[in-house]
Amino acid sequence: MPKPQRTITITTDDMRAHGRDVTRYLMTTPTMLIAFAVVALACIAAIIVGATSGNLTMLIAGLGMIVITALVPFLLRSQAKKMLRAAAPEGSKLATSITAEAVWLQSPLATQTLELSAFQKARVIGNTLILRFRGSTNYLALPVRAFAPEAIATARDNIAA
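Here's what I pulled together on the structure shown here.

The rules behind the values
- Residues numbered from 1 in each chain as written.
- Predicted model: local features only at pLDDT ≥ 70, side-chain atom pairs only at ≥ 80, totals over all residues.
- Heavy atoms only, no water.
- Pairing = 2+ DSSP bridges.
- Helix = DSSP H or I, 4+ residues; strand = E, 2+ residues; numbered from the N terminus.
- Axes fitted to C-alpha atoms, helices over the stretch in contact; angles between N-to-C directions.
- Phe/Tyr/Trp six-rings, centres within 6.5 Å; stacked < 30°, edge-to-face > 60°.
- Buried < 20%, exposed > 50% of the residue type's maximum accessible area, 1.4 Å probe, protein only.
- Patch = residues over 30% accessible without salt bridge, like charges linked within 9 Å, V, L, I, M, F, W, Y side chains within 5 Å.
- Areas by Shrake-Rupley, 256 points an atom, 1.4 Å probe, with all protein chains shown as cover.
- Salt bridge = Lys/Arg side-chain N within 4 Å of Asp/Glu carboxyl O.
- Expected span 1.5 Å × (residues − 1).
- Arc of directions from axis to C-beta.
- Contact = heavy atoms within 4.5 Å.
- Parallel < 35°, antiparallel > 145°, perpendicular 65-115°, else oblique.
- Left-handed = near helix turned anticlockwise from the far one by under 90°.
- Nonpolar A, V, L, I, M, F, W, Y, C, P; charged D, E, K, R; others polar.
- Core = buried A, V, L, I, M, F, W, Y, C linked by side-chain atoms within 4.5 Å.

Looking now at the sheet that holds strand 1 (residues 6-9). The strand order 1-2-3-4 describes an open sheet built from four strands, whose pairing is antiparallel. Bordering the open sheet on either side are strand 1 and strand 4 (111-115), each of which pairs with just one other strand. Going across the sheet, the axis of each strand differs from the next one's by a mean of 15 degrees, ignoring polarity. Across four bridges, the pairing between strand 1 and strand 2 (residues 93-98) is antiparallel. In the sheet register, Thr9 faces strand 2, and the bridge partner there is Lys93.

Let us now look at the packing of aromatic side chains. Scanning all chains against the criterion turns up two aromatic pairs. Measuring from centroid to centroid gives 5.5 Å for Tyr25 and Tyr139, while their planes differ by 65 degrees, and the two rings are edge-to-face. On the criterion of sequence distance, the pair formed by Tyr25 in helix 1 (residues 12-27) and Tyr139 in strand 7 (residues 139-143) is long-range, its members being 114 residues apart. Seen from their ring centres, Phe119 and Phe133 are 4.7 Å apart, and the 35 degrees between their planes marks the pair as tilted. Pair noted here: Phe119 is in strand 5 (residues 119-125) and Phe133 is in strand 6 (residues 128-133), with a separation of 14 residues, a long-range link. With a relative accessible area of 0%, Phe119 lands in the buried category. Looking at Phe133, the relative accessible area reads 23%, which means it is partly exposed.

Okay, a nonpolar patch on the surface next. Side chains of Val67, Leu71, Phe74 and Leu75 sit close together on the surface and give an oily, nonpolar patch of about 440 Å² of accessible area. Along the polypeptide, Leu75 turns up in helix 3 (residues 56-87).

Turning our eyes to something else, we now look at helix 4 (residues 149-160). Here helix 4 contains 12 residues, and its C-alpha end-to-end distance of 17 Å stays within 8% of the 16 Å for a straight helix at 1.5 Å per residue. When helix 4 is considered as a whole, its buried residues turn out to be Ala151, Ile152, Ala155 and Ile159. The buried residues of helix 4 occupy an angular sector of 100 degrees when the element is viewed end-on, so they sit on one face. Opposite the packed face of helix 4, turned more than 90 degrees from it, sit the exposed residues Pro149, Glu150, Asp157 and Ala160. Looking at the buried positions of helix 4, the neighbouring elements they touch are strand 2, strand 5 and strand 6.

This brings us to the packing of helix 1 against helix 3. It is at 8 Å that the axes of helix 1 and helix 3 come closest, and there the two elements cross at 130 degrees. The orientation of helix 1 with respect to helix 3, classified from their angle, is oblique. Here the hand of the crossing between helix 1 and helix 3 comes out right-handed. Every residue of helix 3 that contacts helix 1 at Asp14, Met15, Arg16, His18, Gly19, Arg20, Val22, Thr23, Leu26 and Met27 is listed here: Val72, Pro73, Leu76, Arg77, Ala80, Lys81, Leu84 and Arg85. A class-by-class count of the residues in the contact of helix 1 with helix 3 yields nine nonpolar, three polar and six charged.

Another aspect to go through is the nonpolar core. Formed by 24 residues in total, the largest nonpolar core has its most connected members in Ile98, Val103, Phe119, Leu131, Leu140, Phe147 and Ile159. Mapped onto this core, the elements with two or more residues apiece are strand 2, strand 3 (102-106), strand 5, strand 6, strand 7 and helix 4. In terms of residue count, helix 4 provides more of this core than any other element does, four residues in total. With sequence-adjacent residues up to four places away left out, Phe147 is seen in contact with Arg6, Thr96, Ile98, Val103, Leu105, Leu129, Leu142 and Ile152. Core analysis: the second largest hydrophobic core is formed by 10 residues, Val22, Tyr25, Ala80 and Ala141 among them.

Our focus in this paragraph is the pairing of strand 4. A regular strand carries its side chains on alternate faces of the sheet. In terms of strand pairing, strand 3 meets strand 4 through five bridges, oriented antiparallel. Across the sheet, Ala102 pairs through a bridge with Glu115, a residue of strand 4.

What follows is the structure, encoded as structure tokens:
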């Protein structure tokens, strides 16, 4: 078992930051931006068609899509916080270590060692380190403060290589 480089206790602030930062990450992915563009065009088309043809159903559908789309960030934020809470509940200890080969995590619920070669990208967004898995849209998001600055630099250098 690797020696932890850092151990933290998950706080309410971690939960808040995690929800905010993961939402920001997800809202700016190419897939999400394309989805929003498509929905925006559909909303505009529905509103224009509904307004010009007097079709109230189409007008309401266009406005309804806008309302539903506006709720997406709130739903993403709630889901992100729920996922962190499931992996490392508030008040629990999270121990971490990053070497040139792997990232090691230990929470009350699990211990994991993940090869850095499994990741395609490492990004820090706000107070969250996001490691995106290679060939996938899946990611691992953890509080930045759970890692020494040198560990994050090691991850970036070895994932980019």
